[in-house]
Each structure stands twice: as C-alpha cells, then as structure tokens.
Amino acid sequence: MKEAPIVAIPAQPGDTVISSSGTSTATGRSRFLISLAALALLVTTVWAIFFLAGGLEFRLFDQRLRSGDTGKLKTNVLAQSFASPGGNLNRLDLLLVGPIPNNLPDDMQVKLLAGDGLDGQVVYQAPVSAARVISDAGDTYLSITFPPQDGSAGKTYTLALETPGYPVNSVIQTAYSPIDALSSGALYTEDGPQAGDLAISAYYRYSLPAFLAETARTTLGQLPFILAFVLLLLLPGLALLAWLPNDLNAGQILLAAPGVTALALPVFFLLGGLVGFAVGTVMMWVLLALCAVAVGLRVFLTFRRDGKQTALQMQLRNWSRADVLFWSSLAALLLLATMTRLLSLHGLAAGNGMDAYHHTLITEMFVRDGGIPRDYAPFVPLRSFTYHFGFHALTASVAWITGRTSTTDVMTLMPLVGQFAGSVLPIPGLVLFAWKALGNRWIGLVAGALGGLISVVPAYYVEWSRYTQGLGLALLPVAWVLLLGAIEGNGTARGMVSRARNPLLFVPLAVIGGAGLFLSHYRIVIIYAGFAALYLAWRLVSAFSEARLLSRHTLPIAQIARAAVTGALTLAVLAPWIINLNRNFVKNFIDRSGLDIDIYFATGERLGAPLLNHFSVPLLAGLSAIAVAIFGWKETRNRRAGLALGAGAGLLAFISALYVYFHPSPTAMQLELQSHLLGLSPVTWVLLLEIVACAALVWLAKDRKALLLLPALVWLILSLWSSPQLLPFRLPFVGYLDAVTLASVAWLPVVLLAGYAVVTAGRWTWHNAGLLSLVEGRRRVAIALASVTALALMVSGLALGTSLSPVHDRGPYVVQSDVEALLWMRDNLPRDSYVLGNSFTFPWAPTQLLGMDSGLWVPLVAELPSTLQPIAAYNEQPIDPQYFGKVRAIVPPGPLIDKPEEWQALKSAGVTHIYIGSNAGERGYSAQALLQNKHVTLVYHKDAVWLFKIL
C-alpha cells in the first residue's frame, strides 16, 4: 500500500521497515548500536513497569480556604475529620504557613483515625518527620502518604497531629478557614470540635489493575455510545471520500475519514441553516444511515466494475508484512492514546477553566436550536453569534446520536469529546499528511506516537479546555492534504467520476477542508493559509531554479490557478458566515493597540511552569533541531553546506524558542543581561537568531523537497509576526494570533520533524547494525524479538501516556459540590432571581465580567441570569448597547461591606442573590464577612459553596 507523495519528492525506501537485502554481518559498530538501542528500550521498559506498578494519584477533594492560621491555637492536638468520596485514599496534604523547620521532630506523631473525632481506631501512625514537605504553585504542604485504603469510599476519617505536650503550632502552622469549608468534617483540638476547617487536600491511588478493569467495564457498558461515536466519525467522511474525486488509496481514505467528517459538519450546519434545516436525534441517525448506504453503494460498484480487478481489490490482496505491522501499530497507538488521554478526565465534574463553560454553553445552544444558534439568549442578552463552531457541531452531533442532551450530560460529554478530538484525532491526520505529502507513513506514525503519548501538549489542553484549538490542529494536516491534492491534481481521481483526470475535480474536497477549518478555528486557518502561501511561493521559486528559466512549461501557473479557484469557492461557501462576522464581530478585539504587552504577551507566565518544565518540551525541540540537520545532509545537493545550515538553523531556532517561551515576560528578558553583547539587547539577539533560522530553512527548502519543513517554517514566521516584543513596530493582527496560541500549537510541526529524525535514525540503525543478519532464516528468533520489542513499546507507551493524566490544577471551576448547588438553585429559586458572582476582567476587555468560580455556570445549569458572561462574549453584539457597562457598574469595586447605599444599588439593579463557588478561594467575596452581614441571609451552603439572598 505504498503511495507516492503529492509532490515529486524522491522515493523514500523507509516506507517499509522490513527488507530482505540486508546481508551485512554484525561488526563492532553493529554490536554497539544494537546494545545501545536494547539498553534504551530496557531502561524505558523498567521505568515503565515501576511507574505503572506504583499507579497514579488523583485528587479526591481540595479545601483551600485559608483566611486564618492555627498559630493562636495553643494545643498539642490538631486534627481534621473528613468523608472520603472515593476508595484507595492514600495521601493527605496540609497547607502550611509561616517558617518551616529544617528537621521535623520525631516525637510529633501523625495519625489517621477511623471515624469522626479523636477516639477512632488508628488506621495509620508515623512520626511527622516521615512526612514530606512539598511545594506547589508557590504554596508549601505537609504531605502524608500511607497505604491505600481500599474501602475508603463513603467513610469518615480524622487526620491528627499530636505532640507529647508542646503546642503543635510551635513547630508548624497550618492554614485553615475560620468558617465551615468542609461540610463532611470538623476541626478538632484536645478541647474537642472547633469552628472552621483546616486547609486540606486528599488524594487516592489509582492502580494499573483498577485502571484496566474500569476501562474494560466502561467499554462494555458504553458499547452503544462507542459504536455511535465511531460511526459518526467515519461514515460522513467515508461517504464524501467515496463519491467526491480524490487520489487517496484505501488506507489513506480510512485515515482521512474522521477529519473529513469533522471538517464537513460545520459546513453542513452552515449551509443547512440557510434553508432552515434543523437537526435532532432522529435526523442525525437518518443522515448516518444515508451515509452508510452511500458508502456501501460505492464499495458494491467498485468491486463489480467491469468484472476487472480494481485498485481497491489489488490493495487489499497485496498486503505485506509491513502493512500488517503498520496498521497493527496504528491501532495500538490509537487505543493507548484514547485510554490515557481520557484518563485525564478522571474525577472531573465538568471541563476545566473558563473555556469549558463557553464550549459547554455553545454545545447546549446547538442542541437546543438544532443547529447554529442565532444568539446567546436566554443565557446572556447577546443578539449575535460569531464564534467558530466546528467543535460544538461535533459535540452536539455526538449528543444527538447518543441521546445525551441534558445539561448535566453535556457538562461531562464536552470534555470527553474535546479530549478525544484534541489529543487522539491528530494521530490519523499526522499519519495521513506524512504518508500522502511526504511519502513515508512511518514518519506520521512516530509523530502521532510522540504527540499522542509523550508531548505535554496537546495533553495539556484538558487544563484549559482549549478544545476548539485542539480540534483545529487535528484537522489542519487533513485540510493540508486536501488542499495539496487540489493544487497539484496528481494521479487519477477515485470517486464518482471514474478514472477522471481533470484536476479541478479535486477542488470540492479542498473547499470542504478550507471552509470547515475556518469554521473550526479562526486562528488555525491563518496557519493553514500561511502554509498554502509558502507552498505556492516554494513551487514558484523551484520553477525559477529549473534549467528552462521562466519557461511557461516550468512555472506552476496551473497550480496557482487551481489554488485561486479553491480559495474563491471556499470564500463563496463561507460567504454567509463572513457576512455575519462583518456585521456582528467586534473587530477592535484584533487591534489591541493600547494593550500592555507585558500582560498579554508574557508567554512564559501564561503557559505556566507545569507545561514549560515538562521533559517533552526540550526532548521534542531537540529532536526537531536534529531533524533539520539530518534534512540538510540528506535532501540537499551540497551535503556539507546542507548539514551546516541545517544544524545551524535547528540550533538557532531551538535556542531562540527556548529563550522566548521560557522567560516569564519581556521585562524579565530585558533585565536578565546587565551587559549586552556588542551593544545589542537580548531581545535583538533573539530576533536575529529567528531571522537567521528562517533564512537557513528557506535555503534548505529551495529544492522540491520542502514539505517536511514548511509547517515549521510557517510557525517560525508567524511567531515572529506575533511577538511584538521582538519587533520595533507592530504588524497587523498581531494581537489576534498571539504568541501564546502559537506556542501552544508548536507541537504539531515539532512532532513531524521529530518523527522524521527518529525514523531516519531507526532506518540507518536497521541497515547498518546487521540486524537482518541476526534474524535472517530464523523465524522463531525474529518472531520472539518482534514480540518482545512490541510488548516493551506498548508498556512504555502506556506508562508515558498515563504519566500525563493527573494534570488537573488545584482549583477546578466545578466540583461535585458546585454541581449540587447549581442544581439546587435551578429547582428552588424563583425564575426572576438575578445572581451576583465572583468576577474579574481581562485588560483587553475591561468591561466584561468573567467568572472565577462555578458562578460562571449559573445561567446554563441553574437557568438563572447572572452578572457573568462567557469568555468570548465581548466579541458579540449585546441587545442593549450599554449592557457590558451597566453590568460592570453593578459590581462593587471592592469587597462587599456594610454600606447601605451599596446594598441599595445592588437591589435597584435587580440583584437578588450572591453566589460563591469552591474555586473562589480568598480572591472573591468573603463568605465569613457575609455570614455576619445584616443585609444578606444564607440560603444554601455545602463545603466551599455559599449562596446568600439579599434582604
């Protein structure tokens, strides 16, 4: 099933991994290479086994309120009871304040007691010196680990610190809330129960057997859901690829189908909405049935064509061992990636962050309206809808075909679809791009493994719920392949028009790809367009370097013309949505002319240390730098110059990228070096490094072999464009395609380059280490070696993938107590209630109030109006032009205090309730102060969630 690349790249023998021509004997170098590879695999496998044996730790609950400390409690016993919501409780963290002694005393004991109080049976006891003092996000914790408690779910425990007679706080002081913040337990001293609760976090051990058993139970219990999801991903794409002309072979069609489905859905909803076409559960199943009939009819006609052997039949009959190895490896990779990426959602009641609410809200609006919503009513008084909606169309389609359309269903369905779309769906897209465009499917397979199991991004998208961006990146390689097929028009179209050679017949799929990508993510389509522009420029420059300079036979006139036709038709399809954007999208969002770049462009601070400090960042960046050097050596006419320029370009891009994205802000960049080399600032040096790296990549790409480098080159150029701290002037749209977005999408070109480096190195090792001579003619040895290697890789992949799973931050917006509070409000509050929630504002949208806790979810879950808006609301047109300003004026500028005029202003504005969610911590309204305020009364409370009614 070998396929030539779209462009005439020289044939790459690496498209197969088994060759019968290797007859070299094992030399000293061969033994060394074999030993080195075996040692690396052995070390990784041993680490994987120990890691998996230890299991993972997930959070059970996190009580983080700390407006007080226990320094005033002169007691030799300090304890906190709690109910464990899950089994395998194995770790408790106490938040510490004040100085921490270098050595904790051995005579201070830590105990875990059964039951509520100090008289329960001792479950665990050890000196406090056996506990660890750890730091996390600037806070210090006393971390107590004990054997997992298998039956802890629903049971009450008490954690106690005891001394032989001196006060506990003379050694350590723990933070606590003076008011009840953990409803299932109480704070204890030697004098009995006390007001408030300690700041405590609980974790449980999730073992590999438990993970595998739960995965099996979930798979068996959710077979209808899984089957429906797979049918939705495959059938529409297969139907389009079966009947629209294209030159993909059977394997490539299978890889492209999920991406084509996701690209086509928003186009379908856009065009269907023009004629009033509404979708629901029944209609979605009818559409899938029609797609299944279309696919079945195409297969039937293909196999009966003139009684001759068709290309599809030949592909199916001529499978090689390489094909079996490739497809089985891809299946294993998809399985591992799905298991480990969905594991990241374990224990979440809803998606993380502000983006999760926005995506859940729009999905619910899709489900409610049967298609693209016209506005945000009744959730927010906005009369327009301009947000890219490809992800929401996909999620709503899943909700329809599975019957999970209630609000609480969508709350958990959105992150599930998002994590799959952003972290698993890129794998077949990468394989397709590498196979079709580069002529080597193994590069795509390795790139998919690196992105799906090792790279911290896109796995980290669960932290932000940045799933629209994740889906856009997953679809980007597929859209590129469809675009290249339309531009080049190589081969014979396989589709409705048999053996058609008119290149324009390839355009419809490319139009679907471009339009669907635009509707999925506006920023990602900029990368798509940049790739197209660089590709055409490269084809033009390559033509000028041909022997017949400026000959019309060498200039890519036809390719440019087909690209123009594709672009024009794509704009025609998008015309209704572009008109909507022109009327309603708040275009000054892009300007940001008055924005402080230290806030908006402080990439390191906005990405965060957990992401930037992950080992995969330097690993993949280093591999990609090596790949550029290898490319320069292998693919240029002057090998020495190519190697030098490739190594230089890779190194410079690597150094400059690390410098830019590992620094917290441009200000820190300026202050780091007190003396500037040659009188130039560090920022200027970074800019020069980036420019030199771009120039070197352009030189390497001058021959007709540049498709591997173009994604990286596009990213590098756009990162220069979008980093105003590097340039003395501001380029247009610099605020929209911001540096944070580019930094968080850089994994895509990086894993392609890293896959090229790994495959090239592996091929060289295979052909130069005499491996074939060791197994040639020894079938049992070969099978045993392959089996052991495959098992080791599977175990290592499982461990690497699961290591990225517990990436939840310490403050999810929504936990179970928040859900219960919101549902209570829905069922018990009057419909004319108006809720004031904890809020903050972005510098670039100072009038829009964004939620810092689950109060943001009030309009969707509690079905009540609130003072908070979804994250992209400032890009919409309000029903009342003064809406944002009026709501901003309602919110008190500081803490709620006992001023009658402020309370009267709130009542005059219609505010009836004040909501405090679990994630507010100490940043929001003070529940302690409100409990003592005569203007409000408490109507609901559980854990760190409070609801007050204004009197």
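Here the structure is shown first, and the text comes after it.
Every chain begins its residue count from 1, and numbering advances along the sequence as written. pLDDT decides what is reported in this predicted model: residues at 70 or higher carry local features, side-chain atom pairs at 80 or more are listed and counted, and totals for whole chains, interfaces and linings draw on all residues regardless. Computation of side-chain values covers all heavy atoms of the structure but excludes hydrogens and water.

Chemist: I would appreciate a short explanation of the overall build of the protein in the present structure.
Modeler: Comment: elements are numbered from the N terminus, with helices defined as DSSP H or I runs of at least four residues and strands as E runs of at least two. When its secondary structure is counted, the protein shows 35 helices and 20 strands. Counting only residues that meet the buried cut, the protein has 56% of its 951 residues in that class. As presented, the protein carries roughly 38400 Å² of accessible surface, and 63% of it is formed by carbon and sulfur atoms. Note on classification: 1.4 Å probe, protein chains only; a residue is buried when its accessible area is under 20% of the maximum for its type, exposed when over 50%, partly exposed between these limits. All accessibility values rest on the Shrake-Rupley procedure with a 1.4 Å probe; residue burial counts only the protein chains present in the view.

Chemist: How should the sheet that holds strand β19 (residues 936–942) be read in this particular structure?
Modeler: Either a parallel or an antiparallel arrangement is found when strands of a sheet pair, and the pairing is made through backbone hydrogen bonds. Here a strand pair is declared whenever DSSP counts at least two bridges between the two strands. Ordered by their spatial adjacency, four strands build an open sheet running β15-β18-β20-β19, and the pairing between neighbours is mixed. Since the sheet does not close on itself, it has two edges, and those belong to β15 (835–837) and β19, each with one partner. Taken over all neighbouring pairs, the strand axes of this sheet differ in orientation by 25 degrees on average, direction set aside. Here strand β18 (residues 913–916) runs beside strand β20 (residues 945–950); their pairing, made up of four bridges, is antiparallel. Bridged to H913 within β20 is K949. Across the face of the sheet, helix α31 (residues 816–828) comes into contact with β15, β18, β19 and β20 while running at roughly 130 degrees to β19. By definition, residues are in contact when any of their heavy atoms lie within 4.5 Å. Here an axis means a line fitted to C-alpha atoms, over the contact stretch when the element is a helix, while the angle between two N-to-C directions is reported on a 0 to 180 degree scale. Along the sheet, helix α34 (residues 900–908) contacts β15, β18, β19 and β20; its crossing angle with β20, the most-contacted strand, is approximately 90 degrees.

Chemist: Even after reading the chapter, I still don't get the sheet that holds strand β9 (residues 156–162), so can you show me in this structure?
Modeler: The sheet built from six strands is open, its strands ordered β6-β5-β9-β3-β11-β12 with antiparallel pairing. The sheet is open, and its two edges are formed by β6 (122–127) and β12 (192–194), each paired on a single side. The sheet shows a mean angle of 25 degrees between the axes of neighbouring strands, direction not considered. Pairing of strand β3 (residues 77–83) with strand β11 (residues 187–189) involves three bridges; the strand directions are antiparallel. By the bridge assignment for β11, Q80 is matched with L187.

Chemist: Explain helix α26 (residues 710–721) to me, please; I cannot follow it from the model alone.
Modeler: Helix span, expected: 1.5 Å multiplied by one less than the number of residues in the helix. Look at α26: 16 Å from first C-alpha to last across twelve residues, which is about the 16 Å you get at 1.5 Å a residue. A large share of α26 lies buried, amounting to ten of its twelve residues. Of all the positions in α26, only L710, P711, A712, L713, V714, W715, L716, L718, S719 and L720 are classed as buried.

Chemist: It is not clear to me how the pairing of β19 should be interpreted in this structure. Could you clarify?
Modeler: The side chains of a regular strand alternate between the sheet's two faces. By the bridge criterion, six bridges tie β19 to β20 in an arrangement that is antiparallel. Bridged to Y940 within β20 is L947. As consecutive antiparallel partners, β19 and β20 are separated by two residues, and within that stretch D943 has a phi angle of approximately 50 degrees, a positive value.

Chemist: Please explain the environment of F585 as it appears in this structure.
Modeler: Inspection of the secondary structure puts F585 in the loop between α18 (557–584) and α19 (597–600). Separated by 198 residues in sequence, F585 and Y387 have C-alpha atoms that sit 8.7 Å apart.

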